[in-house]
Amino acid sequence: MTLQIVAARGHATWWIWTIRDKAGALVEQSTTQFRSAAAAEAQGRARIAEFEARRPARS
């Protein structure tokens, strides 16, 4: 899975992160007012870890 983080500027900075699978299909997207890109990235990486933990183990 890949994580992309984009700043959406306006009156405040909103960070948009998207998670895509290896084929490029959208898995999840979130638009939240984080304090920084690092905070948005941390939450996005945590969500990827949750998705990967739920995947069935490969033999």
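Residues numbered from 1 in each chain as written. Predicted model: local features only at pLDDT ≥ 70, side-chain atom pairs only at ≥ 80, totals over all residues. Heavy atoms only, no water.

K.L.:
How should the nonpolar core be read in this particular structure?
P.N.:
Grouped burial of nonpolar side chains is what soluble globular proteins tend to show. The biggest cluster of nonpolar side chains holds 8 residues, and these are Leu3, Trp15, Trp17, Ile19, Phe34, Ala40, Ile48 and Phe51. Going through the elements one at a time, strand 2 (13-20) and helix 1 (37-54) are the ones with two or more residues in this core. Ignoring sequence-local partners within four residues, the contact set of Phe51 consists of Met1, Ile19, Val27 and Glu28. (Core = buried A, V, L, I, M, F, W, Y, C linked by side-chain atoms within 4.5 Å. Buried < 20%, exposed > 50% of the residue type's maximum accessible area, 1.4 Å probe, protein only. Helix = DSSP H or I, 4+ residues; strand = E, 2+ residues; numbered from the N terminus. Contact = heavy atoms within 4.5 Å.)

K.L.:
Explanation requested: the confidence of the model for the chain in the structure shown.
P.N.:
A low pLDDT means the predicted coordinates there should not be read in detail. The predicted model of the chain averages 81 in pLDDT, with 90% of residues at 70 or higher. Here strand 1 (residues 2-9) stands out as the least confident element of the chain, with mean pLDDT 80; helix 1 is the most confident, with 86. (pLDDT = per-residue confidence, 0-100.)

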